[in-house]
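Read off the chains here:
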Amino acid sequence: MDKRETVTRTTLAPHVDVMVVGAGLSGIGIACHLTTKQPGRTFAIVDGRDAIGGTWDLFRYPGIRSDSDLHTFGYTFKPWKSKNSIADGHEILEYIQETVDEYDLGSHIHLGHKAVSANFSTGSGLWTVTLERAADGALVEVTCHWLVSAAGYFDYEGGYTPEFAGRDDFSGQIIHPQTWPEDLDYTGKKVVVIGSGATAVTLIPAMAERAGHVTMLQRSPTYVVKIPRQDPIAKVLNRFLPPGPAHRIVRSISVNRIRMIYGASKRYPDAVRGILRRATIKALPAEFDVDTHFKPEYNPWDQRMCTVPDGDLFESLSSGAASIATDRIVRLTPKGILLESGRELEADIIVTATGLRMVPYGKIGLAVDGEKVDLHSKLVYKALMVTGLPNFAFAFGYTNSSWTLKVDLVAEYLCRLLAHMDRRGHTVALPLDDDPAVVRSSFSAMESGYFRRSAHLFPQQGSHGPWTMPTKYAADRARLRDGEVEDPWLHFSSPLGSAADIEVQSVQA
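Residues numbered from 1 in each chain as written. Predicted model: local features only at pLDDT ≥ 70, side-chain atom pairs only at ≥ 80, totals over all residues. Heavy atoms only, no water.

Draft legend 1. Structural view of the sheet that holds strand E16 (residues 349-352). Read across the open sheet, the five strands follow the order E7-E16-E8-E9-E12; overall the sheet is parallel. Both outer strands of the open sheet, strand E7 (173-175) and strand E12 (322-326), are each paired with one neighbouring strand and no more. Averaged over all pairs of adjacent strands, the angle between strand axes in this sheet comes to 20 degrees, irrespective of strand direction. Of the pairings in the sheet, the one linking strand E9 (residues 213-218) to E12 comprises five bridges and is parallel in character. Across the sheet, residue Gln218 finds its bridge partner in E12, namely Thr326. The strands that helix H5 (residues 198-208) touches are strand E8 (190-194), E9, E12 and E16; relative to E9, the one it contacts most, it runs at about 165 degrees. (Pairing = 2+ DSSP bridges. Helix = DSSP H or I, 4+ residues; strand = E, 2+ residues; numbered from the N terminus. Axes fitted to C-alpha atoms, helices over the stretch in contact; angles between N-to-C directions. Contact = heavy atoms within 4.5 Å.)

Quick look at the structure:
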């Protein structure tokens, strides 16, 4: 499917009510909510790339798939109908495109328009967003009342690769999954994949089908969990129920399953660790050294767990098409990788599945009245707004559950907030932190390396109240879908001509 043909080429209006940055799963979902819940409001979706889909169009490595079930990773308003609950990348792209068509979003999407900066004027109550147009490099300015980031959290310009001594000595190819060459032929080649996260465990069984041999090289073990590619409950319900009811039931079951697994991991880590170890032993040959390669030092869900549909990674290891090495790299050599143990892994191709570079809000330079905003000095508000940034919202999904569960709630709350402001005659909403008891901490509690490396770029979260970043869907649902819009920390106003003239009204709960 050529996604370039599905977007109507329309001129970007000089002003819209809401500008959504990002035409991936999040941005398209937010646009659907605006269409149905705010039908009279103008909006545009801009994206610097030349195709919709975001992550699912950017990444082209072999075997790319979701690591969450599509009954929760998909939208709450659009049933997932494919037989695969763990879906391949092309299935997810098709699902996104179907959504664009069903909600008639094509004319709202403007590809090749990269948001580079945005300035909010307290005098006018408007954002002025500067876009770089890919066609000719020109800078275009558009104003909007609301700016919404659906740009995800990683740098589209390149992934993270550590500095390896001897890199220039290696005679083969070194590839990062984020920039996978379309013409790469690894048939019969010796491949070493550095890393043990979701990308690595996806790549290895896919490449093992054609490569001479694939080795997963990890510095330390990761939890890897076998799950069914097709959800047995969904298969039964879809046979006897219409898509809508079946989707709602399966989605509810899946949400609660994820909640129970995560809760048990945090409350009874030793017990869950034991269950995972026994399952891994069962999935691998008797002589396999499970404790060396699949027994992490950290507790379950301190970092994101890796899932392997139908145990495909374990099958590749069991068959001998793939192997695993747990060791540290000394340097690259002309023939491969020298390890601290003295072993040298021979390789024709090295794949650095070593993580992403996290960046906030697509690296848009944000300012208020011309003054650059230091994001790290700010607090998140209800996990979707930022203190000191008027009329700004962002979508950041769950790391311990399906990303889109959170995006749906963010979109619902945004539409509720817009309706509330219309009723009260307000045009500006601004969260302000005036609670001296708040204790600040990192944006995310996850201990993964890419979160730690980028923590200084993101806003912080607080210890309580609306300043937290919950990892529980039920908690977010209570405050975003069911909770009151008004509270003492969200301030509303209407511009009166200049920043000094604006009378900020604090709405008490």
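Now that the structure has been shown, the text picks up again.
Draft legend 2. Expanded view of the nonpolar core. Ranked by internal contacts, the top residues of the largest apolar core, which has 128 residues, are Trp127, Trp146, Leu147 and Leu366. With twelve residues, the single largest contributor to this core is helix H11 (residues 403-424). Non-local contacts of Leu147, meaning those with residues more than four positions away in its chain, are made with Met19, Val21, Ala118, Trp127, Val129, Leu366, Asn391, Phe392 and Ala393. Membership of the second largest hydrophobic core comes to twelve residues, among which are Phe164, Phe170, Ile194 and Leu345. (Core = buried A, V, L, I, M, F, W, Y, C linked by side-chain atoms within 4.5 Å. Buried < 20%, exposed > 50% of the residue type's maximum accessible area, 1.4 Å probe, protein only.)

Draft legend 3. Highlighting the packing of aromatic side chains. Inspection of the entire model under this criterion finds 25 aromatic pairs. Between Tyr75 and Tyr95, the aromatic rings sit 5.6 Å apart at their centres with planes inclined by 25 degrees, giving stacked as the arrangement. Separated by 20 residues along the polypeptide, Tyr75 in the loop between helix H3 (70-73) and helix H4 (89-102) and Tyr95 in helix H4 bring together distant segments of the chain. There is no split in this pair, since Tyr75 and Tyr95 are both buried. Here Phe443 and Phe458 contribute two aromatic rings whose centre-to-centre distance is 5.0 Å and whose plane-to-plane angle is 35 degrees, an arrangement assigned as tilted. Taken together, the residues span a long stretch of sequence, with Phe443 in the loop between strand E22 (428-431) and helix H12 (449-454) and Phe458 in the loop between H12 and helix H13 (473-481) at a distance of 15 residues. (Phe/Tyr/Trp six-rings, centres within 6.5 Å; stacked < 30°, edge-to-face > 60°.)

Draft legend 4. Expanded view of the sheet that holds strand E14 (residues 336-339). Taking strand neighbours across the sheet as the criterion, the three strands line up as E13-E14-E15 in an open arrangement whose pairing is antiparallel. Of all the strands in the sheet, the pair left with one neighbour each is strand E13 (329-332) and strand E15 (344-346). Ignoring strand direction, the axes of neighbouring strands in this sheet form an average angle of 25 degrees. Sheet topology note: the E14/E15 ladder contains three bridges and is antiparallel. Opposite Gly336, over in E15, you have Glu346 as the bridge partner.

Draft legend 5. Just a positive patch on the surface, in detail. Taken together, the side chains of Arg219, Arg328, Arg357, Arg452 and Arg453 define a basic patch exposed on the protein surface. As for its position among the elements, Arg452 is in helix H12. Judged by its relative accessible area of 56%, Arg452 falls in the exposed class. (Patch = residues over 30% accessible without salt bridge, like charges linked within 9 Å, V, L, I, M, F, W, Y side chains within 5 Å. Areas by Shrake-Rupley, 256 points an atom, 1.4 Å probe, with all protein chains shown as cover. Salt bridge = Lys/Arg side-chain N within 4 Å of Asp/Glu carboxyl O. Lys, Arg positive; Asp, Glu negative; His and termini not counted. Charge placed at Lys NZ, Arg CZ, Asp CG, Glu CD.)

Draft legend 6. Layout of the pattern of salt bridges. Tallying each qualifying case throughout the model produces 26 salt bridges. Note that Arg65 and Asp312 form a salt bridge whose closest N and O atoms lie 2.6 Å from each other. Taken together, the residues Arg65 in the loop between helix H2 (55-58) and H3 and Asp312 in helix H10 (residues 312-319) connect sequence positions 247 residues apart. The two residues Arg65 and Asp312 agree in class, both being buried. Asp155 is paired through a salt bridge with Lys363; the nearest N and O atoms lie 3.2 Å apart. You can see Asp155 sitting in the loop between strand E6 (139-149) and E7 and its partner Lys363 sitting in the loop between E16 and strand E17 (365-368), a full 208 residues away along the chain. Residues joined by salt bridges that share partners form a network here, namely Arg49, Asp57, Arg60 and Glu182.

Draft legend 7. Region of interest: empty space enclosed by the protein. Enumeration according to the criterion identifies two cavities of 30 Å³ or more in this entry. Taken as a whole, the largest cavity spans an internal volume of roughly 70 Å³. Around the largest cavity, the lining residues are Tyr223, Val224, Arg273, Leu276, Arg277, Thr280, Phe294, Lys295 and Pro296. No other element matches helix H8 (residues 269-283), which puts four residues into the lining of the largest cavity. Empty space within the second largest cavity amounts to approximately 50 Å³. (1 Å grid on protein atoms, 1.4 Å probe; cavity = no way out; pocket = protein on both sides within 12 Å on 5 of 7 lines; lining within 4 Å. Points joined across faces, edges and corners; volume = space filled by probe spheres on them.)

Draft legend 8. The arrangement of the pairing of strand E2 (residues 43-47) in detail. For E2, the buried fraction is high: five of the five residues fall into the buried class. In E2, alternate side chains face the same way, and those of Phe43, Ile45 and Asp47 on one face and Ala44 and Val46 on the other are all buried. Inspection of the sheet shows strand E1 (residues 15-21) paired to E2 by four bridges, in the parallel sense. When the sheet's bridge partners are listed, Val20 is paired in E2 with Ile45. In terms of handedness, the path from E1 via helix H1 (residues 25-37) over to E2 forms a crossover that is right-handed. As paired strands, E2 and strand E3 (residues 109-111) are joined by three bridges and run parallel to one another. In the sheet register, Ile45 faces E3, and the bridge partner there is Ile109. (Right-handed = clockwise from strand over helix to strand, strands pointing away.)

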